[in-house]
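Summary of structural features
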Amino acid sequence: MLVRFFCLFGLFLFGKTAISQELTDNNISTSHLFENFQKDIFQIQTINQETGQKTSIGSGFSVGDGSILATNYHVISDVLNKKNHKLRYVDFQEKTGDLTLLSIDVINDLALVKADKKIGEPFALSPPPAQGAPLFALGNPHDLGFVINEGTNNGILKHSARRFLLFSGALNQGMSGGPTIDSTGKVVGINVAYLRNSNNISFVVPSEYLANLLKSPNQENNFNQKIAEQLFTSNQEYFEQSIHNKWQDGQIGKIHFPLAMSSDVRCWDDSDSENFDSLIGIDSIVCFNDRDIFISNNLSLGRVSYSYSRIFTKEKIPTSRFYANYSKYYNLLFDRRSYRDYENISCQSNFINLAGKKFKATLCEQKSKFSANNDSIQDLRFIAAQIGEKDYGLVIKFELNGVQKSLSRKVLHHLLEQIYEKNN
Amino acid sequence: MKKTIKICTNPLMVLFWFVLSNILESYGDYLTSEIKYYINVKLLAINSGVLLIISWLSQLVIAQKTDKKAFTPLLGIISFHSVLLNISFSLSEIVNFNFSVNNFEIFAILIVIISFILFIGLLLKDYLDKDNLNYYKFLTCFPAVFAALFLLFNIMNFFDKNNASIPNYSKILLEKTLFSNNEISIDDYLIK
């Protein structure tokens, strides 16, 4: 249930011709698109300079003065996360050239790279058309050559932390970073992801984010600092409402818990009702969001999840036996992080008072290398288990990935202060 | 001191400690089992096997220097310390839980190892002359100490490839705390 469905894919840009290539609404056809845009789509490769071979591919298209290519951040991330890697473009005639990374937007998965000369006609950007309008995704899937996939604009995603366009058309690996154009040939978005195990459910980054990035296309020097700043800002915006508002209310027994903190958080029943042999029963609610910020191939941030479980005995057993089993639920799972990106995990345990009851609580934090303003991005895990009852207990778990320390503790604090007992 | 080890080496006491060791292992397994519990024959066989094998390996060392059989007293001492280790672990859990500290079991293991070495030393005085006593004491203790150290390193996640990034906290829950007023507010816990 917690499995993330999104699959990111590589991109290839396609240099887009200018407005002169306008297509009329009544005369749109993929053959026209093919003819007009093939030469303006580029494949972007990350090259390991030790071997001279590519480690990832994607698509890109020309913007700005024609020497700048827009693509996805995840297409070029290897150049930031691996040593001795460089970027290269390949055009439709198989000509290649080196690229320099200009700027990134990890929150919206965008990047700008620059060639040493003008290599294509810049595409014009446009807001997305009305829902139901046809869109065309362009790119180089699986390194097989240029393709055009037609689909439909279904508007901005609802109940999601990501403001992607829902595109009901096929996107494939290698098309990441390619443009999605409307029937006039203007770019309305950038191909970014598809939903795995689905049919033609794909996602496109709206062009407004690319326009924002293009406002300051100057070359960055410290990309880690830039990533940290973007995460700080995005986290602050994402949790701003949540740390002040009351969350949706739910309950297990007499204890009330805060459920969805925002519209992108889904809560599910997670009770273990099928294990008939077990003497221990679980009533459980789990909530999680769909935020997923790609940083590198082994690091995605933004996930929030929390759960509330009532552990109880189905039959009368000694209290010591119940607590020996209850202890099994007192554990935290951390995502594996590399030493390059993260420090060691540090934990602190204590007895705390929640809703007038005594809990054993443990808070574990793992700081990352992404820091700014004397605060750093970290992972946080929290668990609290009620003690004192003979045959049942409540377990509260909370997980945050990639949030600054001060803010992550505020979110946790707000969650805990909303727990209360109410006798019906 | 020699009288002290009689509580381990007397044949009746050997049987007592051997049986008690198995009972405690079974009881620990019963506590953590979440299905209806009958006897765990496999666990009993493994625990008995470990005690017997370590005792046999230890007595092989003594057999090099004397014809006297030392298997039974060794089994008594090893079984006694197995019981001691079980009890020490349980006490450690109480300490870990109440004081929110980690791996207090390490001290329990170290104390049991020291006690074991002392007991073996006293035993060997009856079997070996003073020449090379320490050397043979080391060899005799080795199988049991090796097993205990393996347990110690396992607790410390020594065998995990990425041990430093494993969250380290007390994972035991008990019904009651030793002190009734040792809880703090979430403000103190998270903000201050």
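Please read these numbers as outputs of a predicted model, since none were measured by experiment.

This next bit is on the packing of helix H3 (residues 41-63) of chain B against helix H6 (residues 133-155) of chain B. Helix packing for two helices is described by the angle between their axes and how far apart those axes are. Residues and elements named next belong to chain B. Running from N to C, H3 and H6 cross one another at 165 degrees; their axes reach a closest spacing of 8 Å. By the angle class used here, H3 and H6 are roughly antiparallel. Crossing hand, H3 versus H6: right-handed. Where H3 approaches H6, its residues Ile54, Leu57, Ser58, Val61 and Ile62 are matched on the opposing element by Tyr136, Leu139, Thr140, Pro143, Ala144 and Ala147. Residue classes in the contact of H3 with H6 are distributed as nine nonpolar, two polar and no charged.

Going through the model one piece at a time under the given rule, you end up with 26 aromatic pairs over all chains. An angle of 65 degrees between the planes, with centres 6.1 Å apart, marks the rings of Tyr73 of chain A and Phe294 of chain A as edge-to-face. Of this pair, Tyr73 of chain A sits in helix H2 (residues 73-76) while Phe294 of chain A sits in strand E19 (residues 293-296); the two residues are 221 residues apart in sequence, bridging distant segments of the chain. Residue Tyr73 of chain A shares its accessibility class with Phe294 of chain A, and that shared class is buried. Measuring from centroid to centroid gives 6.1 Å for Phe138 of chain B and Phe142 of chain B, while their planes differ by 50 degrees, and the two rings are tilted. One end of the pair is Phe138 of chain B and the other is Phe142 of chain B, both in helix H6 and four residues apart, which spans about a single turn. Aromatic rings pair up to connect Trp247, Phe257, Tyr306, Tyr308 and Phe398 of chain A into one cluster. Directly above the ring of Phe351 of chain A sits Lys360 of chain A, whose terminal nitrogen or CZ lies 4.5 Å from the centroid. The positively charged end of Lys171 of chain B is found above the aromatic ring belonging to Tyr169 of chain B, 4.3 Å away from the centroid.

Residues and elements named next belong to chain A. For Asp109, which is not a glycine, the phi torsion comes out positive at approximately 55 degrees. With respect to the helices and strands, the residue Asp109 is situated in the loop between strand E7 (96-105) and strand E8 (110-114). The exposure class of Asp109 is buried, given its relative accessible area of 7%. For Asn197, which is not glycine, the phi torsion reads 60 degrees and is therefore positive. As for its position among the elements, Asn197 is in the loop between strand E13 (187-195) and strand E14 (202-206).

Take the confidence of the model for chain B next. Residue and element names in this part refer to chain B. Within chain B, residue pLDDT values average 87, and 96% of them lie at 70 or more. For chain B, helix H1 (residues 2-9) is the element with the lowest average pLDDT, namely 79, and helix H2 (residues 11-32) is the one with the highest, namely 95. The ipTM, which scores confidence in the relative placement of chains, is 0.89 for this predicted complex, and the corresponding pTM is 0.86.

Before going further, it helps to examine the interface of chain A and chain B. Tallying the contact residues gives 53 residues for chain A and 39 residues for chain B. Between chain A and chain B the total buried area reaches about 3,900 Å² when both faces are included, carbon and sulfur atoms providing 54% of it. On the chain A side of the interface with chain B, the three residues burying the most area are Arg321, Phe351 and His413 of chain A, jointly 17% of the side's total. Along the contact surface separating chain A from chain B lie four salt bridges. Residues Glu183 of chain B and Lys358 of chain A are paired through a salt bridge, measuring 3.9 Å at the closest nitrogen-oxygen approach. Elements represented by at least two residues in the side of chain A that touches chain B include exactly helix H6 (319-326), strand E22 (342-354), strand E23 (357-372), strand E24 (375-386) and helix H7 (405-417) of chain A. Ranked by residues supplied to the side of chain A that touches chain B, first place goes to E22 of chain A with 10 residues. In terms of residue class, the side of chain A that touches chain B is made up of 24 nonpolar, 16 polar and 13 charged. Pairing of E22 of chain A with strand E1 (residues 183-184) of chain B, which is carried by two bridges, proceeds in the parallel orientation. For Ile352 of chain A, the partnering residue across the bridge sits in E1 of chain B and is Ile184 of chain B.

There is a patch of like negative charges on the surface, built from Asp269, Asp270, Asp272, Glu274 and Asp283 of chain A. As for its position among the elements, Asp283 of chain A is in strand E18 (residues 280-288).

This part is about the sheet that holds strand E26 (residues 420-421) of chain A. Residues and elements named next belong to chain A. An order of E15-E16-E26 is seen for the three strands of this open sheet, with the pairing classed as antiparallel. Only two strands of the sheet have a single neighbouring strand rather than two, namely strand E15 (249-252) and E26. Sheet topology places E15 next to strand E16 (residues 255-258); four bridges connect them, and they run antiparallel. Its bridge partner lying in E16, Gly250 is registered against Phe257.

The next thing to look at is the environment of Ser338 of chain A. Residues and elements named next belong to chain A. Within the secondary structure, Ser338 is located in the loop between H6 and E22. Judged by its relative accessible area of 29%, Ser338 is partly exposed. Sequence spacing of Ser338 and Leu299 is 39 residues, and the spatial spacing of their C-alpha atoms is 8.9 Å.

Rules behind the numbers
Residues numbered from 1 in each chain as written. Chains lettered and ligands numbered in written order. Predicted model: local features only at pLDDT ≥ 70, side-chain atom pairs only at ≥ 80, totals over all residues. Heavy atoms only, no water. Axes fitted to C-alpha atoms, helices over the stretch in contact; angles between N-to-C directions. Helix = DSSP H or I, 4+ residues; strand = E, 2+ residues; numbered from the N terminus. Parallel < 35°, antiparallel > 145°, perpendicular 65-115°, else oblique. Left-handed = near helix turned anticlockwise from the far one by under 90°. Contact = heavy atoms within 4.5 Å. Nonpolar A, V, L, I, M, F, W, Y, C, P; charged D, E, K, R; others polar. Phe/Tyr/Trp six-rings, centres within 6.5 Å; stacked < 30°, edge-to-face > 60°. Buried < 20%, exposed > 50% of the residue type's maximum accessible area, 1.4 Å probe, protein only. Lys NZ or Arg CZ within 6 Å of the ring centre and 35° of its normal. pLDDT = per-residue confidence, 0-100. Buried area = accessible area lost by both parts, 1.4 Å probe. Salt bridge = Lys/Arg side-chain N within 4 Å of Asp/Glu carboxyl O. Pairing = 2+ DSSP bridges. Patch = residues over 30% accessible without salt bridge, like charges linked within 9 Å, V, L, I, M, F, W, Y side chains within 5 Å. Areas by Shrake-Rupley, 256 points an atom, 1.4 Å probe, with all protein chains shown as cover. Lys, Arg positive; Asp, Glu negative; His and termini not counted. Charge placed at Lys NZ, Arg CZ, Asp CG, Glu CD.

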